[in-house]
Amino acid sequence: MSPKSIRVCLSPALLPFYELDDTIAVVIDIFRATSSMCYGLANGARAIIPVEELEECLSYRGNGHLLAAERDGQVVAGFDFGNSPFSYTREKVAGKTIVLTTTNGTRAIQRCARANAVVLGSFLNITVLTDWLKNQPHHILLVCAGWKNHFNLEDTVFAGALVHRLKTADVDLDDAAHAAESLYREAQGDLASYLSKASHSKRMQHLHITQDIAFCLQQDQVSVIPILNGYELVSLTLSHPLQ
């Protein structure tokens, strides 16, 4: 793939069809996993270990880690918390390692592991992420976590926001990137209103956690970029810069 390209994967189910060599994968799960992980690392968490299954998360019990699990938008019984950003405050997570499993986001992260680098995107860190990506020579794949392998609106709109900020005349966009940017252009005047029709927004409204939606739509609240280092997500500033 040359010249540099920006592609959008609209669902983790499509990842097997994408080439990940010479590629930075940006995993996007706006409501709420990648937003909460950005916030947790900004608040001093030592690391976050993303795992796919509840049983794997439970296997870390007893070694001092915080265990977090979410399924279908709700905290799983028996875990310390789920993936609400309000659980990732400095008072709760500073100096801690968190093991997290979610319905969509942590699965998407695991499926991107063969990329050159895996980083997380959210509105909370959109500017620092954009600035970093602009300086990378690699192809960029924006991976929407979606909902149980289906397309979702909020992740695609965020992917479109990144495309809008990153595109230049000498960067190739695929069709999904063009489509995502078009959705973002339609939504950008009032993101909250536009995304209120998203199925996961309605799911969260039903669970009375609309404050999480408002929090996750705030821009530039943190200056960290979570990056996968082995099996842990750490702040990019704490790891070796990607060459």
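Structure's up top.
Residues numbered from 1 in each chain as written. Predicted model: local features only at pLDDT ≥ 70, side-chain atom pairs only at ≥ 80, totals over all residues. Heavy atoms only, no water.

Draft legend 1. Up close: helix α9 (residues 199–206). Listing the buried residues of α9 in full gives H200, S201 and M204. Burial along α9 is one-sided: seen end-on, the buried residues are contained in an arc of 105°. In this structure, the buried side of α9 is in contact with α6 (153–166), α8 (191–195) and α10 (210–216). (Buried < 20%, exposed > 50% of the residue type's maximum accessible area, 1.4 Å probe, protein only. Helix = DSSP H or I, 4+ residues; strand = E, 2+ residues; numbered from the N terminus. Arc of directions from axis to C-beta. Contact = heavy atoms within 4.5 Å.)

Draft legend 2. Molecular detail of the packing of aromatic side chains. Evaluation of the coordinates by the stated rule reveals 4 aromatic pairs. Taking 4.9 Å as the distance between ring centres and 70° as the angle between the ring planes, the aromatic pair formed by Y39 and F215 counts as edge-to-face. Placement of the pair is Y39 in helix α1 (residues 33–42) and F215 in helix α10, with a sequence separation of 176 residues. Of the two residues, Y39 and F215, neither departs from the other in class, the shared state being buried. Summarising the aromatic geometry, the rings of F81 and Y88 are spaced 5.1 Å apart at their centres and angled 75° between planes, so their arrangement reads as edge-to-face. (Phe/Tyr/Trp six-rings, centres within 6.5 Å; stacked < 30°, edge-to-face > 60°.)

Draft legend 3. Quick peek at the side chain of R71. Along the chain, R71 falls in strand β4 (residues 66–71). Here R71 occupies a buried position and makes no salt bridge, while the nearest side chain of opposite charge, E53, is found at 4.5 Å. In contact with R71, not counting residues within four places along its chain, are E52, E53, L54, V76, T101, T102, T103 and R107. (Lys, Arg positive; Asp, Glu negative; His and termini not counted. Salt bridge = Lys/Arg side-chain N within 4 Å of Asp/Glu carboxyl O.)

Draft legend 4. Geometry of unusual backbone geometry. R32 follows F31 through a cis peptide bond whose omega is 20°. Its identity is not glycine, yet D72 carries a phi of approximately 55°, on the positive side. Relative to the assigned elements, D72 resides in the loop between β4 and β5 (74–75).

Draft legend 5. Molecular detail of the side chain of R32. Positionally, R32 belongs in the loop between β2 (23–28) and α1. Of the residues examined, R32 reaches a relative accessible area of 4% and is grouped as buried. Among the polar contacts listed, one links the side chain of R32 to the backbone oxygen of G73, at a separation of 3.1 Å. Polar side-chain contacts of R32 include one of 2.7 Å to the side chain of D212. Residues in contact with R32, not counting those within four places in the same chain, are E70, G73, N83, S84, P85, M204, I209, D212 and C216. (Polar contact = N/O pair within 3.5 Å; in protein donor to acceptor, adjacent residues only side chain to side chain.)

Draft legend 6. Inspection of the nonpolar core at higher detail. Judged by nonpolar contacts, the single largest core of 46 residues is most densely connected at V8, V26 and L142. Excluding its chain neighbours within four sequence positions, the residues that come into contact with L142 are I6, R7, V8, C9, V26, I28, A159, L162 and V163. By size, the runner-up hydrophobic cluster in this structure holds 34 residues, among which are I48, V118, V224 and L233. (Core = buried A, V, L, I, M, F, W, Y, C linked by side-chain atoms within 4.5 Å.)

Draft legend 7. Spatial organisation of helix α5 (residues 126–134). Within α5, burial applies to I126, L129, T130, W132 and L133. Projection of α5 onto a plane perpendicular to its axis shows the buried side chains occupying an angular sector of 165°, all on one side. Against β2, β7 (117–121), β8 (139–144) and α6 lie the buried residues of α5.

Draft legend 8. Structural detail: the pairing of strand β1 (residues 5–9). In terms of burial, β1 is largely enclosed, as 5 of its 5 residues are buried. Side chains S5, R7 and C9 project from β1 onto one buried face, and the interleaved I6 and V8 project onto a second face that is buried too. In this sheet, strand β9 (residues 172–173) lies alongside β1 in parallel orientation, the contact comprising 2 bridges. Following the sheet pairing, I6 is matched in β9 by L173. Inspection of the sheet shows β1 paired to β8 by 4 bridges, in the parallel sense. (Pairing = 2+ DSSP bridges.)

Draft legend 9. Region of interest: the environment of R185. With respect to the helices, strands and loops of the structure, R185 is situated in helix α7 (residues 175–187). The spatial distance from the C-alpha of R185 to the C-alpha of G160 is 7.9 Å, given a sequence separation of 25 residues. Apart from residues no more than four positions distant in its own chain, R185 is found in contact with H164 and K167.

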